[in-house]
Amino acid sequence: MAEKCNPYENMLCNLDAAAQKLGYSLDEYISLRYPERELIVSVPVKMDDGSVKVFKGYRVQHSSSRGPCKGGIRYHQDVDLDEVRALAAWMTWKCAVVNIPYGGAKGGIQVDPTQLSLGELERLTRRYTSMILPILGPEKDIPAPDVNTNAQVMGWIMDTYSMFKGYAVPGVVTGKPLEVGGSLGRPEATGRGVMFTVVELAKRLGWDLKGLKIAVQGFGNVGSVAAKLLKDKGCKIVAISDVSCGLYNPDGIDIDRVLEYKADSPNCLIKGYTEEGISTITNKQLLTMDVDVLIPSALENQIDAEIARELKAKVVVEAANGPTTTEGDKILNERNIPVVPDILANAGGVVVSYFEWVQNNQMFMWDEEKINSMLERVMIEAFDGVWSMHQREKVTLRMAAYMVALDRVIKAKKIRGIFP
Ligand code: GLU
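**Let's talk about the overall build of the protein chain**
Helix and strand content of the protein chain: 15 helices and 13 strands. Taking 420 residues into account, the globule formula puts the C-alpha radius of gyration at 22 Å, and the protein chain, at 21 Å, falls close to it. By principal-axis analysis of the C-alpha atoms, the protein chain measures approximately 55 × 55 × 50 Å. Split into buried and exposed, the 420 residues of the protein chain put 58% on the buried side. Carbon and sulfur atoms make up 52% of the accessible area of the protein chain, which totals about 17,800 Å². Taking the average place of the 49 positive charges on the side chains of the protein chain and the average place of its 53 negative ones, the gap between the two points comes to 4 Å.

Following this line, the structure appears as structure tokens:
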């Protein structure tokens, strides 16, 4: 029977285990088992052919204990409430692991955006924004890009919110185009953070980056940047994939050439790319390839029990949110394959979102060098904190990351107390 994967249930298992390990009583953390606020909206859109379609949209705010809620918005046909809830909670832990003053939120619309024209996409985005507007704001809840949303979508969100307010409010959303208050370095930030994570991990394991064999599942904004930056560090990216196909070259794929190819291909996909020594592979072949590092950078639930049993990578670095199921995680632990969890490995995006928001609030702009070096510092500090907890408590890296995060959130909750 296929493994049942309710991502929110998976999140709760980790939350309970980390709280118990830290010695907290249920009363001290029970409210974190529930999202603070959930909004479900039905979003009508006038389609280009004159018909009207209604899409389901969500915004879930998991916690605001440490600051305004923060998290992306995704457009995908499989979006549902449990997924958005889990993603919102993971944002709470992610912001706490890297110690930025935010809580966690997430939004999504159940839609296949590839089926919409640009005009339909804009109308969908603006109507959705207007329907969740009462709970948004630079001090309340700040969206950002996620799966299938980009800087242009953030620009529409910023404009819609600003139109209602009557003045420009760039700090209501991050990941915007530079022209409307976006930050240098934000588009590459998640992939860059993944690169820093691999570098730190390699240091701890005594590995040389030169020739390190890496497979990357997902060649979107996160996977492609991580692959490029790791290749620049001397690693050999032997396998990559996206929704269109998987590619394998034992001598290392020429990532710069793939990026050029992808930029010119109609749907920004890698299918059809060729070079000497390259062959196509399936998704399963990529996930079970004999490499040093496997970087899942696509969607949730990719490494299930079956894949985990056959996985040959020496370590897994989770660039996607929730790519490993609970069963898969158990098996990888039993097999002593370290997993750097999503809430640490992919936190680079929200860290630079935070820098963007600070710049917006100050009406100021920093240069890219400053942003990248501040990102590096935050990622290294977070990695250090998680690694120390992992060594000291003899727990997995995932448990260590949850423990670091949870401790910070629970302490903040305690100081604030329960209103009234
Ligand atoms: N969607 C990204 C994530 O899952 C970025 C969130 C943000 O920048 O707020 O971490």
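**Quick look at helix H8 (residues 255-264)**
For H8, the complete set of buried residues consists of Ile255, Val258 and Lys262. On an axial view of H8, the arc spanned by its buried residues comes to 55°, and they lie on one face. Exposed residues on H8 whose side chains face more than 90 degrees from its buried face are Glu260, Ala263 and Asp264. Buried residues along H8 sit against helix H7 (221-232) and strand S8 (236-241).

**Topic: the packing of aromatic side chains**
For the structure on display, the rule yields eight aromatic pairs. Taken together, a centroid distance of 6.2 Å and an interplanar angle of 35° make the contact between tyrosine 354 and tryptophan 357 tilted. Note that tyrosine 354 and tryptophan 357 are positioned in helix H13 (residues 348-362) at a spacing of three residues, about one turn of the helix. One aromatic cluster is present, formed by Tyr102, Tyr354, Phe355, Trp357 and Trp366 through successive ring pairs. For lysine 370, the ring lying beneath its charged end belongs to tryptophan 366, and the centroid distance is 5.3 Å.

**Topic: unusual backbone geometry**
Residue proline 420 is bonded to the preceding phenylalanine 419 through a cis peptide linkage, with omega at 10°. Structurally, proline 420 can be placed in the segment after helix H15 (397-416). Here asparagine 148, not a glycine, exhibits a phi torsion of approximately 65°, which is positive. Take asparagine 148: its relative accessible area is 45%, and that puts it in the partly exposed class. If you check the backbone angles, lysine 394 has positive phi at about 50° while not being a glycine. Residue classification places lysine 394 among the exposed residues on the basis of a relative accessible area of 72%.

**A short note on the pairing of strand S2 (residues 52-63)**
Relative to S2, strand S1 (residues 37-46) runs antiparallel, the two sharing 10 bridges. The residue of S2 that forms the bridge with serine 42 is lysine 56. Count of turn residues in the S1/S2 antiparallel hairpin: five residues, of which glycine 50 carries a positive phi of about 95°. Of the strand pairs in this sheet, S2 and strand S5 (residues 104-110) are connected by six bridges, and their pairing is antiparallel. Counted as the bridge partner of tyrosine 58 is glycine 108 from S5.

**Brief notes about the sheet that holds strand S11 (residues 293-296)**
Consider a sheet: its strands pair through backbone hydrogen bonds, and that pairing is either parallel or antiparallel. Spatial ordering of the open sheet is given by S10-S9-S8-S7-S11-S12-S13, a layout of seven strands whose pairing is mixed. The sheet is open, and its two edges are formed by strand S10 (279-281) and strand S13 (339-340), each paired on a single side. Both S11 and strand S12 (residues 315-317) contribute to a ladder of two bridges, which runs parallel. When the bridges of S12 are listed, valine 293 appears paired with valine 315. Docked against the sheet, helix H6 (residues 189-205) engages S11, S12 and S13, running at close to 155° with respect to S12.

Scoring rules and cut-offs
- Counting restarts for each chain, with residues numbered from 1 along the sequence as it is written.
- The predicted nature of this model means local features are confined to residues of pLDDT at least 70 and side-chain atom pairs, given and counted, to a pLDDT of 80 or more, with totals for whole chains, interfaces and linings taken over all residues.
- Only hydrogens and water are set aside when side-chain values are computed; all heavy atoms of the structure are taken into account.
- Helix and strand labels come from DSSP, where a helix needs a run of H or I of at least four residues and a strand needs a run of E of at least two; each type is numbered from the N terminus.
- Put simply, the radius of gyration uses C-alpha atoms, and a globule should come to 2.2 Å times the residue count raised to 0.38.
- A simple rule labels every residue: compare its accessible area, found with a 1.4 Å probe on the protein chains alone, to the largest value its type can have, and call it buried under 20%, exposed over 50%, or partly exposed in between.
- Computed by Shrake-Rupley with a 1.4 Å probe, the accessible areas treat only the displayed protein chains as cover when residues are assessed.
- All tallies of charge rest on Lys and Arg as positive and Asp and Glu as negative; His and the ends of each chain are not included.
- A charge is said to be at NZ when it belongs to Lys, at CZ for Arg, at CG for Asp and at CD for Glu.
- As used here, the arc is the angular range of directions from the helix axis to the C-beta atoms.
- Any pair of residues with heavy atoms lying within 4.5 Å of one another is described as a contacting pair.
- Here a pair means two rings of Phe, Tyr or Trp (six-membered ring of Trp) with centres within 6.5 Å. Their orientation is stacked below 30 degrees between planes, edge-to-face above 60, and tilted elsewhere.
- Charge over a ring is defined by NZ of Lys or CZ of Arg lying within 6 Å of the ring centre and within 35 degrees of the ring normal.
- Here, a strand pair is defined by DSSP locating no fewer than two bridges between the strands.
- Each axis is a line fitted through C-alpha atoms, taken for helices only over the stretch in contact, and angles between the N-to-C directions span 0 to 180 degrees.

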